[in-house]
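Coordinate inspection notes
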Amino acid sequence: MKYLQFILLFLSFVCLGNLSAQTLRGQIRDASTGENLIGAYVVERTTATVAQTDAFGRFTLPVPDDKLISLRLSYLGYEALDTLAAFDKQPLILYLQPDATLPTVEVSSRSDENGARSALATVNVPVELLNAMPAVLGEADPIKSLQLLPGISAGVEGMADLLIRGGTPDQNLVLLDGAKIFNANHLFGLLSPVNPDIVKNITVHKSAFPAKYGRRLSGVVEIDTEEGNKKEWKKSVGIGIINTRFQVSGPLVKDKASVSIGARTAHLSLLNLIAAGQDNGITYLFYDFNVKLNWLTDKSNLSLSFFRNYDNMGIKDAFIGLPVNANFAYGNTTGSARWAWSFGNNLDLVAIATGTRYFYRAEEDITTGSGPRMTTNLSSIRDLNAKVSLTKVFSSVLSVEGGVEATTRAIEPRALTITTDESVENESLVKEVSRDFAGFLSLYLRLGSAVRVELGLRGQYYQLPGAAQSQNFLEPRTLVSYRVSPKSTLSGSYTFMSQPLHMISNNFIGIPTNLWVTANDVAPPATGQQFAVGYTYQEEASQYAFEAYYKSNKNIIDPLPGVGFFESNSSNWEEDVSTGGRNRIFGMEFFHKQTAGRFFGWASYVLSWNRIQYNDVNGGRWYFRQFDRRHDLSLVAGYDLNKKWQVIGNFVVNSGFRLSLPDALYVDAFTNDVIPVVRERYNTKTPLYHRLDLTFRRTVKRSNGRSRILSLGCYNAYGRRNLSFALTEEDLIGGQRPATHIGTVEAVTNDVKLFSLFTFVPFLNYAATF
Amino acid sequence: MLLTCFTACSKTVDLNLPFNGPQIAVVAHIDPAEGVRAFVSQTVAPTGEYLIEELKITNASVIVFDEEGNGTSVPQIRPGFYELPSLVVETGRRYRIEISATSLDTLRSEWVRIPNAVVEPVLESVIMLDERDFGFPNHEIDLFFSGIDPVGDTYYLTEVFLDRVNGIDPGYRFFADFDTRFCESENYNLQFFPDNCMQEDTFSYRYDPNINVINDEGTARVSMEEIVFALRSIDETYYSYLRDKLRLDGETGAILEARPSTTNVTGGVGVFLASNSFLEVVAVP
């Protein structure tokens, strides 16, 4: 009965709200290209009501019953616009002009958000600035640049993996135009897989996850690519040390339909030509390719997107006089169709269908005295996903988003085939087929002028491989924010997430020997809760933000110490992992960004503890994870020397990461072995990591949209030898190893070699749009 | 490839790895066919250079206890090596070892149980001289074992050796490359682990080690009169210890995280390994 009373009271409240206002709907577009702008803010200035555009540039905003509405529009990288708009029941089309200035941090647009969310829960940085940040070999990489933001860190130096609030890369839902990407990298992790020229918007959710997202524990990374210029044809090219890229974009039907095509390939591919006639050598090829089509009508918006990234390394060698050819390839192919439809009456529909195929293949072809023998190792994932959601704005107080999502997935963890002249033999891990179904509902409430509440619930059902195993999770999501003053906001959130996939990672670099497997009864779906409390203070030119979080995850898996994919011969991956891991992460993030005339920059500091416990590791005691970083400080600063030249630098310093190294040695004289004694996992910590990167950029932007950008700079300017990994290197003097029963070893030596991947790395990069 | 690329950027640094002083280190075997043997030395810090001769413990007291509590002292036959081939060791019984030495903590092993013997193994061998030119001549031997217990009940180890070192010039190397289709990576030179590979219910497998005794230049071969093949059933500690060594020796071991070493002793480091062996002496034509 109490529930009924509550519902009636609630509906009355909502209906009253509905009577008190009208609803303005519209789209915000780029004035120069006609593209929709994702995540732009619209503020009704008299009530300070805020709306944000969705993935199709659409917004719905409750406004007063006035004929003229006072609006402020803002978007990262665009000039803010104050305008008066006549109320119309038809959707309003509004245009924002790209900011002609050099890339910089944005402060003002955050204030328009009116403190709905902590500035650290959801991150949205101008892609142009992310592309301008100095990077390894100067290759613009907006995804890797996210590692400079609080709570997002790298694993091994130089790698594109994102570790969000102590999570592992597999705990991130990486969506490219809505389609999932697995093992998102090129060049074994040195580059992220997406052509920077075609990236339009990146949003990272670190906490307070909306209910429409699920199936990952730590983060959601949404990457949206350009829809294409609806006004005129534009072309751009970029040449760097590693690759060359281009993009073509233009209208198929002016102001209605557009296409964007982008591609990128490595200069290393030239090695293929050089090595073609050689007996020995290494070749490397990578490319990525994007096509996106977009149709706009008054009531609908349809996008079709295709993406493929591919890496291939070949090795020609000889072993004791026998020719050996090895080949290693991996990549993603994704496709997505997104359709938005406005029914009118403040009811909108979004439908997304996506498909992803990820694979990697390792081949070894060796010819012996008994004939040729080819060994092929293949791993693949096929993922099909469909999601439909409806959004209804009932009033200035309440809007509701609800929907359903379904996924079917087939993972073939490993299929080994050995082919000789005489036979073909197969040895495969069982193909894992699983299905997910979810329903989600989010209520967005605005209570008075100071309080905003987001209440979400996601019902998640997993149908997992095995004996008809099914798992259900009810995942509540809550965000409450309170506007303490016009400049400051307090917020708190709670989220529960689950994850039906595990990645058996080698914890070393992001090479795709990381094995994706489906949860089962031995390694059930991982679950995680996150509590976060944040405070944001904002002025016209500066912002201060703080967020503290506590994460508690269960059913985590890790490979057993020393078990690697290549070494594992067991037919069941479950035998190679520790299961039932409990992971607790506590952290505090501090963030300050500032603009002052020609200067801009930010400072980010994270203090965190990241512990894990397995019954079969370190005697069941809690221990710190490999990338537990107690302190992590990033300073980013830019200065406009004049209207064309800009210098941007970043300084990073953080605690080292953890290694498992021996603490003693002994000798087995029966077999002449030196046996390292390793008592604890991650018993050693590497020294402090720090580096300074600098880039000088010359940007020439013309009024006709053409631009030229020249970047030159250096990564790790003072050549700090930061440590990436360690090897122990035993040596025997006076004897042989492997064992013989002849001769006696006279002495042993042992060194711990620590490897530094990148010291001083200069770069030069040129990009042009015409 | 990555390691090759990265090596150019490497440097050796002192991480000040902690070392809690020397302890007794032991590698000891107990087997009904061979009695007990142990190599006793002391641990050293994880970095640096050490003379083996200085690590051997020559004044240790090595005692093997059976489950009735009877202790038998094991004598030293050469520096650091303690052996008692005549010790009566019975299948199914439990034993432990205790080692003490001046100024070091006493090392005590866990109890180990002697595994069941290999059941009626049948070994057929065909030995021929291989004249193919790989830089040195090979003895190629086909061996066929059958009648072994089902996989999983017991771990097995096959091993080949030249009746210890007798009669061979120390300047020569002896090695056997067991080559099987799926299990090449499981070779540890003179040892081979069928448990890693064989999925059938009963072991019945053929392997063809290329056996060589050559000089360091690989140009001369020593005449062999007989080779000893051992088929051992081993306990789990023994198996884990051998797997550890395999990993250390493998190419991929270099890029993998170190794992805690297999041990079943306290007060020191090392292993006390139990096996039950079937030995076959094969004459070389």
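Quick caveat: nothing in here was measured; it's all calculated off a predicted structure.

**Concerning the overall build of chain A**
- Scanning chain A for helices and strands turns up five helices and 46 strands.
- Relative to its 770 residues, chain A shows a buried fraction of 61%.
- When contacts within chain A are restricted to residue pairs at least 6 apart in sequence, those whose partners lie at least 24 apart make up 65%.
- Of the roughly 28,700 Å² of accessible surface on chain A, a fraction of 60% belongs to carbon and sulfur atoms.

**Some thoughts on the side chain of D31 of chain B**
Residue and element names in this part refer to chain B.
- Looking at the secondary structure, you find D31 in strand β2 (residues 24-31).
- At 3.5 Å, the side chain of D31 forms a polar contact with the backbone nitrogen of N276.
- When residues no more than four places from it in sequence are discounted, the contact partners of D31 are V89, R232, S275, N276 and S277.

**Some words on the nonpolar core**
- L146, I202, V204, V221 and I223 of chain A are the most contacted members of the largest nonpolar core, which has 69 residues in total.
- It is helix α3 (residues 127-132) of chain A that provides the largest number of residues to this core, a total of four residues.
- Leaving out residues up to four positions away in the same chain, I223 of chain A has contacts with I143, V174, L175, L176, D177, V199, N201 and I202 of chain A.
- Counting residues in hydrophobic clusters, the runner-up holds 27 residues, among them V74, L84, V112 and V265 of chain B.

**Remarks on the pattern of salt bridges**
- Under the defined criterion, the tally for this structure stands at 40 salt bridges over all chains.
- Here the residues in one salt-bridge network are K180, R215, D383, E405, R409, D436 and R458 of chain A, joined through shared partners.

**Section: empty space enclosed by the protein**
Residue and element names in this part refer to chain A.
- Summed over all chains, the structure comprises 14 cavities of 30 Å³ or more.
- By volume, the second largest cavity amounts to about 370 Å³.
- Along the walls of the second largest cavity sit 29 residues, with Q147, A154, Y689, R691 and Y715 positioned nearest its centre.
- Those elements that place two or more of their residues in the lining of the second largest cavity are α4 (142-145), β9 (152-153), β36 (631-640), β37 (645-654) and β42 (689-701).
- Of the residues contributing to the lining of the second largest cavity, the split by class is 12 nonpolar, 10 polar and seven charged.

**A few points about the side chain of T356 of chain A**
Residue and element names in this part refer to chain A.
- Here T356 lies in strand β21 (residues 347-368).
- Residue class for T356 comes out buried when judged on its relative accessible area of 5%.
- Among the polar contacts listed, one links the side chain of T356 to the backbone oxygen of K180, at a separation of 2.7 Å.
- For T356, the residues in contact, after removing those within four places along its chain, are A179, K180, F182, N332, T333, T334, I381, R382 and D383.

**Quick notes on the sheet that holds strand β4 (residues 58-63) of chain A**
Residue and element names in this part refer to chain A.
- Spatial ordering of the open sheet is given by β4-β1-β7, a layout of three strands whose pairing is mixed. Unpaired on one side and paired on the other, β4 and β7 (92-96) mark the two borders of the sheet. Ignoring strand direction, the axes of neighbouring strands in this sheet form an average angle of 35 degrees.
- Strand direction decides the pairing type here: strand β1 (residues 22-30) and β7, joined by five bridges, are parallel. By the bridge assignment, I28 is partnered in β7 with L94.

**So, the environment of P62 of chain A**
All names here are of chain A.
- With respect to the helices and strands, P62 occurs in strand β4.
- Residues P62 and V43 lie 19 residues apart in sequence; the distance between their C-alpha atoms is 10.0 Å.
- Residues in contact with P62, not counting those within four places in the same chain, are Q22, T23, T49, V393, S395 and S396.

**Observations concerning the sheet that holds strand β13 (residues 199-205) of chain A**
All names here are of chain A.
- The sheet built from five strands is open, its strands ordered β8-β13-β14-β11-β12 with mixed pairing. Lying at the two open borders of the sheet, with one neighbouring strand each, are β8 (122-124) and β12 (179-180).
- One ladder, built from six bridges, connects β13 with strand β14 (residues 219-225); its direction is antiparallel. Paired with N201 across the strands is D224, a residue of β14.

**Considering the pairing of β37 of chain A**
Residue and element names in this part refer to chain A.
- When you tally the buried positions in β37, you get eight out of 10 residues, the bulk of the element.
- Note: β36 against β37, nine bridges, orientation antiparallel. Along β37, the bridge assignment pairs L635 with F651.

**Quick look at the packing of aromatic side chains**
- For the structure on display, the rule yields 21 aromatic pairs over all chains.
- Considering the side-chain rings of W339 of chain A and W341 of chain A, the 5.7 Å spacing of their centres and the 35 degrees angle between planes classify their relative orientation as tilted.
- Plain terms: the ring middles of Y623 of chain A and Y682 of chain A are 6.1 Å apart, the flat faces sit at 50 degrees to each other, and that makes the pair tilted. Residue Y623 of chain A is located in strand β35 (residues 623-624), and its partner Y682 of chain A is located in the loop between β40 (673-677) and β41 (684-685); the two are separated by 59 residues in the primary sequence. Comparing Y623 of chain A with Y682 of chain A, the two get one shared label, buried.
- A cation over a ring is seen here: R78 of chain B above F81 of chain B, with NZ or CZ 4.0 Å from the ring centre.

**Some thoughts on the confidence of the model for chain A**
Residue and element names in this part refer to chain A.
- The pLDDT averaged across chain A works out to 82; a share of 85% of its residues lies at or above 70.
- Predicted confidence is poor over residues 6-20, with pLDDT under 50, and the contacts of this stretch with residues over four places away or in other chains come to 16 contacts.
- Counted against residues more than four places away or in other chains, residues 108-114, with its pLDDT under 50, gives 26 contacts.

**Brief notes about a nonpolar patch on the surface**
- A cluster of nonpolar side chains, contributed by F599, Y639, L641, F696, L712 and L764 of chain A, occupies part of the molecular surface with about 500 Å² of accessible area.
- Take L712 of chain A: its relative accessible area is 34%, and that puts it in the partly exposed class.

**Let's talk about a positive patch on the surface**
Residue and element names in this part refer to chain A.
- Taken together, the side chains of K235, K644, R698, R702, R706 and R708 make up a positively charged region of the molecular surface.
- Tracing the backbone shows R702 in the loop between β42 and β43 (707-715).
- By relative accessible area, which is 54% here, R702 ends up exposed.

Rules used throughout
Numbering of residues starts from 1 in each chain and follows the order in which that chain's sequence is written. Both sets of labels track the order of writing: A upward for chains, 1 upward for ligands. Per-residue local features are limited, in this predicted model, to residues with pLDDT of at least 70; the limit for side-chain atom pairs, both in listing and counting, is 80 or more; totals at the level of whole chains, interfaces and linings are taken over all residues. As a rule here, side-chain values cover all heavy atoms of the structure and leave hydrogens and water aside. Secondary structure follows DSSP: runs of H or I at least 4 residues long count as helices, runs of E at least 2 residues long count as strands, and numbering of each begins at the N terminus. Per-residue accessibility, obtained with a 1.4 Å probe over protein chains only, is compared with the maximum for each type, and a residue is labelled buried under 20%, exposed over 50%, and partly exposed between these values. In what follows, residue pairs with any heavy atoms lying within 4.5 Å of each other are defined as contacts. Using the Shrake-Rupley algorithm and a 1.4 Å probe, accessible areas are obtained, with residue cover drawn only from the displayed protein chains. Pairs of N or O atoms within 3.5 Å make up the polar contacts considered here, provided that, within protein, one atom can donate a hydrogen while the other can accept it, and that residues adjacent in sequence are counted only when both atoms are side-chain atoms. As used in this record, nonpolar core signifies buried Ala, Val, Leu, Ile, Met, Phe, Trp, Tyr and Cys residues forming a set joined through side-chain atoms within 4.5 Å. Salt bridges, as used here, are contacts in which a Lys or Arg side-chain nitrogen is within 4 Å of a carboxyl oxygen on Asp or Glu. Using a grid of 1 Å spacing that covers the protein atoms alone, one calls a set of points a cavity when a 1.4 Å probe fits there but cannot get out, and a pocket when the set is open and has protein on both sides within 12 Å along at least five of seven lines; lining residues are those with an atom within 4 Å of a point. Grid points are joined across faces, edges and corners, and a volume is the space filled by probe spheres set on the points. Polar here means any residue other than Ala, Val, Leu, Ile, Met, Phe, Trp, Tyr, Cys and Pro, which are nonpolar, and Asp, Glu, Lys and Arg, which are charged; Gly is therefore polar. Criterion used throughout: strands pair if DSSP finds at least two bridges between them. To get an axis, a line is fitted to the C-alpha atoms, and for a helix only the part in contact is used. The angle between two axes follows their N-to-C directions and goes from 0 to 180 degrees. Here is the rule: rings of Phe, Tyr and Trp (six-membered ring for Trp) pair when centre to centre is within 6.5 Å. Planes less than 30 degrees apart are stacked, more than 60 are edge-to-face, and the remainder are tilted. Charge-over-ring placement is defined geometrically: NZ (Lys) or CZ (Arg) within 6 Å of the ring centre, and within 35 degrees of the ring normal. The pLDDT value tells you how sure the predictor is about a given residue, anywhere from 0 up to 100. Grouping into patches uses exposed residues only, defined as over 30% relative accessible area, and leaves out salt-bridged ones; the cut-off is 9 Å for like charges and 5 Å for nonpolar side chains (Val, Leu, Ile, Met, Phe, Trp, Tyr). This count recognises Lys and Arg as positive and Asp and Glu as negative, with His and chain-terminal groups excluded. By convention, the point assigned to a charge is CZ for Arg, NZ for Lys, CD for Glu and CG for Asp.

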